[in-house]
Amino acid sequence: MGTYLITGATGGIGAAVAGLLAERGHELILTGRSRERLETLRNSMASGRHGRTQILVRERNGEPGGVRTTTPGTVARVIPLDLSEPRRLEAALAAAGLPDRLDGVVHSAGVVDLGAVADQDADHWIDQLMVNLVSAAELTRILLPALRAAGGHVVFVNSTAGLRASPMWSAYAASKFGLRALADSLRAEEPSLRVTSLFPGRTATEMQRKVHAQEGRHYDPARFVDPATVARALVAALETPADAVVSDITVRPH
């Protein structure tokens, strides 16, 4: 089994990814702003919320391996990180101590604050760029030695706003267009790694609830993609046999 670091682990998509990876018996490093929420997530895994399961293990060449029974969720660390201050990330991770090998990093943290270009001052831009783009770049840089050692996989949870910008979404979309560029450059620079950009459409998360409040609209989660569905697409990319990489995934509400 592998070791995966997840940012935004207590958010809708991040928590769903953590659950699926825990079910498969992987070791997890869960990061987020709130230690309390991270501990709650870890405890939910350890208490059996992600129950004992059997999985089909594939060998590195993609051939089917054996069936392994796992008792997931028992190996998870929590590291509170403030992604709004990327200059402090290296010291925080050094103090926490990280493994020499990482099989994957899932960048699922993000913030959104809608507004017209005419109304958004520098702080609005800086806040979203720091969390959504600069911290992802800085974390990737810091973790590259461990990822290279394992021939690991980096997944950037982007957004369909990273494919097309809409009115009122300029700062958020700019951060996500930048995240796409980061992924594409990393893929070209680090041929030993696999790099995936995931572009979810509107997903039933607390972030989407906030977006609807900013838009002045009623929020109905049934209209949007379940975070678990997005997580399944992401984990499928992680489990693609080693002779291929799923470079881009778009998941939209049906």
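Attention here is on the structure that accompanies the text. Residue positions are given per chain, counting from 1 as you read along its sequence in written order. Where totals are concerned, whole chains, interfaces and linings use all residues; where local detail is concerned, this predicted model gives features only for residues with pLDDT of at least 70, and gives and counts side-chain atom pairs only at 80 or more. Excluding hydrogens and water, the side-chain figures rest on all heavy atoms present in the structure.

The next thing to look at is the overall build of the protein. What counts as a helix is a DSSP run of H or I of at least four residues, what counts as a strand is a run of E of at least two, and both are numbered from the N terminus. Within the protein, the regular secondary structure consists of 7 helices and 9 strands. The rule is simple: take the accessible area with a 1.4 Å probe, protein chains only, and divide by the maximum for that residue type; under 20% is buried, over 50% is exposed, in between is partly exposed. For the protein, with 254 residues in total, the buried portion stands at 47%. We get accessible surface area from the Shrake-Rupley algorithm with a probe of 1.4 Å; when it comes to residues, only the shown protein chains can shield them. Accessible surface for the protein amounts to roughly 12,300 Å². Of this, 50% is attributable to carbon and sulfur atoms.

Each pair of packed helices can be described by the angle between their axes along with the distance between the axes. Angles run from 0 to 180 degrees between N-to-C directions of axes, and those axes are lines fitted to C-alpha atoms, restricted for helices to the stretch in contact. It is at 7 Å that the axes of helix 4 (residues 122-150) and helix 5 (residues 170-189) come closest, and there the two elements cross at 15°. By the angle between their axes, helix 4 is roughly parallel relative to helix 5. Here the hand of the crossing between helix 4 and helix 5 comes out right-handed. Across from Trp 125, Gln 128, Leu 129, Asn 132, Leu 133, Ala 136, Ala 137, Thr 140 and Leu 144 in helix 4, the residues of helix 5 making contact are Ser 170, Ala 171, Tyr 172, Ala 174, Ser 175, Gly 178, Leu 179, Leu 182 and Leu 186. Its residues assigned to classes, the contact of helix 4 with helix 5 comprises 12 nonpolar, 6 polar and no charged. Here is the rule for angles: anything less than 35 degrees is roughly parallel, anything more than 145 is roughly antiparallel, 65 through 115 is roughly perpendicular, and the remaining ranges are oblique. Each crossing gets its handedness from the near helix: less than a right angle anticlockwise from the far helix is left-handed, clockwise is right-handed. A contact between two residues is defined here by any heavy atoms of the two lying within 4.5 Å. Gly falls in the polar group here, along with every residue not listed as nonpolar (Ala, Val, Leu, Ile, Met, Phe, Trp, Tyr, Cys, Pro) or charged (Asp, Glu, Lys, Arg).

If you check helix 4, its first and last C-alpha atoms are 39 Å apart, about what 29 residues at 1.5 Å a residue would give, namely 42 Å. Approximately 55° is the largest bend angle found in helix 4, and it occurs at Leu 144, with the proline Pro 145 only one to four residues beyond. Capping the start of helix 4, Asp 121 holds a side-chain oxygen 3.2 Å from the backbone nitrogen of Asp 123, two or three residues further along. Taken from the residues just after helix 4, Gly 151 is the one with a positive phi, measuring 60°. Helix span, expected: 1.5 Å multiplied by one less than the number of residues in the helix. Think of it this way: the bend at a residue is just the angle between two axes, each fitted to seven residues, one set ending at that residue and the other starting at it. Think of a polar contact as two N or O atoms within 3.5 Å of one another; within protein, one of them needs to be a possible hydrogen donor and the other a possible acceptor, and neighboring residues in sequence only count if both atoms come from side chains.

So, on to the nonpolar core. Taken as a class, soluble globular proteins show a tendency for nonpolar side chains to be buried jointly. Counting 30 residues, the largest nonpolar core has Ile 6, Val 17, Leu 21, Leu 28, Leu 30 and Leu 234 as the members making the most contacts within it. Of the residues forming this core, the biggest block, 7 residues, is contributed by helix 1 (residues 12-23). If we ignore the near neighbours within four places in the chain, the residues touching Leu 30 are Ile 6, Ala 9, Ala 18, Leu 38, Leu 41, Arg 42, Ala 76, Arg 77, Val 78 and Ile 79. To qualify as a nonpolar core, a set must consist of buried Ala, Val, Leu, Ile, Met, Phe, Trp, Tyr and Cys residues joined through side-chain atoms within 4.5 Å. Counting residues in hydrophobic clusters, the runner-up holds 27 residues, among them Ile 29, Val 105, Leu 133 and Val 195.

Another point: the packing of aromatic side chains. Centres within 6.5 Å make a pair out of two Phe, Tyr or Trp rings, where for Trp the six-membered ring is used; the pair is then stacked when the planes are under 30 degrees apart, edge-to-face when over 60, and tilted otherwise. Under the criterion given, the structure shown has 2 aromatic pairs. Note on Trp 169 and Tyr 172: the rings are 5.6 Å apart at their centroids and 65° apart in plane angle, and the pair reads as edge-to-face. Neither Trp 169 nor Tyr 172 differs from the other in exposure class; each is buried. The interplanar angle of 15° and the centroid separation of 6.1 Å between the aromatic rings of Tyr 219 and Phe 224 together place this pair among those described as stacked. Judged by its relative accessible area of 12%, Phe 224 is buried.

At Met 168, a position not held by glycine, the phi torsion is positive, near 80°. Within the fold, Met 168 resides in the loop between strand 7 (153-157) and helix 5. Using a relative accessible area of 44% as the deciding quantity, one classes Met 168 as partly exposed.

For the rest of this paragraph, the subject is the sheet that holds strand 6 (residues 104-107). Following DSSP output, two strands are said to pair if at least two bridges run between them. Within the open sheet, the 7 strands sit side by side as 5-2-1-6-7-8-9. Their pairing is parallel. The sheet terminates laterally at strand 5 (76-80) and strand 9 (248-251), the two strands that pair on one side only. Across this sheet, the average inter-strand angle for adjacent strands is 15°, counted without regard to direction. The pairing of strand 8 (residues 194-200) with strand 9 spans 4 bridges and is classified as parallel. What sits directly across from Phe 199, in strand 9, is Thr 250. Of the strands in this sheet, strand 2 (27-32) and strand 5 touch helix 2 (residues 35-46), which is tilted by about 170° from strand 5. This element, helix 7 (residues 227-238), spans strand 1 (3-7), strand 6, strand 7, strand 8 and strand 9 of the sheet and lies at about 165° to strand 8.

It is worth spelling out the pattern of salt bridges at this point. Salt bridge, as used here, is a side-chain nitrogen of Lys or Arg placed within 4 Å of a carboxyl oxygen of Asp or Glu. Counted according to the given criterion, the structure contains 11 salt bridges. A salt bridge links Arg 141 to Glu 90, with the shortest nitrogen-to-oxygen separation between them at 3.0 Å. Taken as a pair, Arg 141 in helix 4 and Glu 90 in helix 3 (residues 89-96) lie far apart in primary sequence, 51 residues in all. When its relative accessible area of 42% is taken as the criterion, Arg 141 is described as partly exposed. Relative accessible area serves as the criterion here: at 40%, Glu 90 is assigned to the partly exposed category. Bridged by salt links that share partners, the residues Arg 35, Glu 39 and Arg 42 form one connected network.

Take it as geometry only, folks, not as evidence of what the structure does.
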